[in-house]
There are 2 protein chains.
Amino acid sequence: MYSEKHHNQFKKFTSKRVLITGGLGFIGSNLAISLVKLGAQVTIVDSLIPEYGGNLWNIQPVREQVHVNISDVRDEHSLKHLVKGQDYVFNLAGQTSHLDSMTNPYQDLEINARAQLCILEACRQQNSDVKIVFASTRQMYGIPEYLPVDERHVLQPVDVNGINKMAGEWYHLVYHSAYSIRSVVLRLTNTYGPRMRVKDARQTFLGIWIKHIIEGKPIEIFGDGRQVRDFNYVDDVVEALLLAGLSEEANGEIFNLGSDDPISLTDTADLLLSTYGSGIKDYIPFPPDRKNIDIGDYYGDYRKILIRLGWKPRVSLHEGLKRTLVYYQEFAESYWEQGAIHACHSVR
Amino acid sequence: MYSEKHHNQFKKFTSKRVLITGGLGFIGSNLAISLVKLGAQVTIVDSLIPEYGGNLWNIQPVREQVHVNISDVRDEHSLKHLVKGQDYVFNLAGQTSHLDSMTNPYQDLEINARAQLCILEACRQQNSDVKIVFASTRQMYGIPEYLPVDERHVLQPVDVNGINKMAGEWYHLVYHSAYSIRSVVLRLTNTYGPRMRVKDARQTFLGIWIKHIIEGKPIEIFGDGRQVRDFNYVDDVVEALLLAGLSEEANGEIFNLGSDDPISLTDTADLLLSTYGSGIKDYIPFPPDRKNIDIGDYYGDYRKILIRLGWKPRVSLHEGLKRTLVYYQEFAESYWEQGAIHACHSVR
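This write-up is about the structure you can find in this document. Keep in mind that this is a model prediction, so the values were computed, not measured.

What counts, and at which threshold
- Sequence order as written defines the numbering, with residues in each chain counted from 1.
- The lettering of chains begins at A and the numbering of ligands begins at 1, in the order of writing.
- In keeping with the model being predicted, local features are shown solely for residues with a pLDDT of at least 70 and side-chain atom pairs are shown and tallied solely at 80 or more, while totals for entire chains, interfaces and linings include all residues.
- Pairing between strands is defined by DSSP: at least two bridges between them are needed.
- Secondary structure elements follow DSSP: runs of H or I no shorter than four residues count as helices, runs of E no shorter than two count as strands, and numbering proceeds from the N terminus.
- Orientation is described by lines fitted to C-alpha atoms, with helices fitted over the stretch in contact, and by angles between N-to-C directions that extend from 0 to 180 degrees.
- Every helix has an expected span of 1.5 Å times one less than the residues it contains.
- Here the bend at a residue is taken as the angle between two axes, fitted respectively to the seven residues that end there and the seven that start there.
- Residues with at least 20 other C-beta atoms within 10 Å of their own are called buried, those with 12 or fewer are called exposed, and the rest are partly exposed. The C-beta atoms themselves are positioned from the backbone.
- Residues are treated as contacting if the C-beta atoms built from their backbones sit within 7 Å of each other.

A few points about the sheet that holds strand 6 (residues 182-188) of chain B
Residue and element names in this part refer to chain B.
Phase 1 of the analysis: Within the open sheet, the seven strands sit side by side as 3-2-1-4-5-6-11. Their pairing is parallel. Among the strands making up the open sheet, the edge pair consists of strand 3 (66-70) and strand 11 (254-256). The mean inter-strand angle of the sheet, taken between neighbouring strand axes irrespective of direction, is 20°.
Phase 2 of the analysis: Pairing between strand 1 (residues 17-21) and strand 2 (residues 41-46): five bridges, direction parallel.

Quick look at the structure:
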């Protein structure tokens, strides 16, 4: 899975105690599986809020080898206990939906900002030597002023989610500068792959596209489809998280992820359809509530993490989509909206 | 008080309904007095939390001409009522102490971030035509990368207060871009003048300096005193707030304030001592908890507000300090720490 060099580095996780917040979610579960394979002792915290990414099926391959603690990162008291004795915290719990952040801004604030403060306070008070890797987002750059976007780009979020993630991220940086907590921030771009939420577009539009294509429904593109994005396959993101976890020089730093092949939404849809072998796409007008918070074209400059940590994405979009389609064809029933299926049944 | 041109503009506030959050505080009370003189119908919201800037004495000159509503901006329900029917909201309520934000980060978050969201949600739901002027801070720039700092400078707050104020500020900007709420942001630098909190350094170190000099105590300078700052006299800041309130082209924009004469802390202390006519200064080592969140030299570039809104500071530091000293010599008893005086008495 990893390059030989990285594989040798990653052996340092053997027998290490690792806490993953949001560990039943898309990226968290993939990370948990990797860490178990590396011999780490993994504890997962997840709230299993239905609208979020948590899904017990996600950790099915390692179900007996991880400790699962169902709780909410907004729960200060359980966190204080859970961070004790950990060598690493991979802090991946978050509310990811931009639209939900506008309709329910307080919940987004509680999870993406306040809970992050709770996690950091718990670490500062109970385990100040722990290493924390925070999964942040390119969302806070807002509408790019130049491309590719590097870490020096101004922050000008276009939605409440971007603002709260920005606050959550900066708590990690201030707890490093003010208290020497060993924290590092990765700003993720569009991540996709097995175990992502596909029942709707709350996590990524690629999720619902993949579900629709497998169901034989058209995939919907907002606007003219010319918006450019960059995509990372989840295994590449897991590798970045592990590298950031091991690097001491990364502490207090922000790193963008990114890919070598930015691509328009139309071309992404075409690649997905050709990879699958069939299907159609529909262009529909931008829904106003999405248009108001759209960021236009985006792709990230990942040279900093390449130079400093030796990371680069290795899985092409074509290969990644293929693996993803195979996964969801096999495990559709664990990811499709149960409520919707029941609703259909009751209509008959 | 104002230039003739601005004075004519400001007549537009006559008979207008204005809500000032934090209106018993330093800047809010000065603004309230100005607006009453301009014929506005002013409602003040203030929580009178003892550690903050609220002080009923501050509005003594207009006590009978304003409506005072003692409540907390964290109280969503009272806000929903209070914003109704207002033409303007000057949103000045905040927790200003950097040190307090580190020892009590949750309270800082509740006031500087969550309550701002409440205010904006209240306006969006109850009064979406209202104009909102938000008092933000240069604190979120962190340690400057160049001087003077303009609005394009990267945001890299060094303490929890800077992060939460950044979030609170950006809610205002996103509610403009996503919902067309007419909001504008001023990033204030060190503001001083009559009605500032002087019983401690929670609001500004100039406050405690002025108290100490009047009490005949030495004023304390942290470190070598070479740190450079810029200062705005409160009347100039009030003028900027009023201009921002009246300008439609300011909506969705951020404006730095600043001054023409950045000055070191040592020179500020010397100017204060020479203006007063006596007193001494002491250099003491930087307390570690302050050093960790110090920003080094700072002064702002205010050309954007000069060009776009015609604002510039008009009161020199010498003149402003003179007026401030006169005020606190006359009204010391309303601003000195009552608790401390009692404590002294009981020790005898």
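Topic: helix 12 (residues 317-335) of chain A
Residues and elements named next belong to chain A.
Phase 1 of the analysis: For helix 12, built from 19 residues, the straight-helix expectation of 27 Å at 1.5 Å per residue is missed by more than 12%, its first-to-last C-alpha distance being only 22 Å.
Phase 2 of the analysis: Where helix 12 bends most, the angle comes to about 60°, and this point is Q329.
Phase 3 of the analysis: For helix 12, the set of buried residues is L317, G320, L321, T324, Y328 and Y335.
Phase 4 of the analysis: At its buried positions, helix 12 is contacted by strand 7 (190-192), helix 7 (205-215), strand 10 (231-233), strand 12 (263-264) and helix 9 (265-276).

Topic: the sheet that holds strand 1 (residues 17-21) of chain A
Residues and elements named next belong to chain A.
Phase 1 of the analysis: If you trace the seven strands from one edge of the open sheet to the other, you get 3-2-1-4-5-6-11, paired in parallel fashion. Looking at the sheet topology across the chains shown, the edges are occupied by strand 3 (66-70) and strand 11 (254-256). Strand-to-strand twist of the sheet, defined as the mean angle between neighbouring strand axes without regard to direction, takes the value 20°.
Phase 2 of the analysis: Sheet topology note: the strand 2 (residues 41-46)/strand 3 ladder contains five bridges and is parallel. When the bridges of strand 3 are listed, V42 appears paired with V66.

Re the environment of B:P287
All names here are of chain B.
Phase 1 of the analysis: Mapped onto the secondary structure, P287 falls in the loop between strand 13 (281-284) and helix 10 (288-291).
Phase 2 of the analysis: Residue P287 is classed as exposed on the basis of its C-beta count, with 12 C-beta atoms lying within 10 Å.
Phase 3 of the analysis: A sequence separation of 43 residues divides P287 from E330, and the C-alpha atoms of the two residues are 32 Å apart.

Limitation: the analysis is restricted to geometry and does not speak to function.
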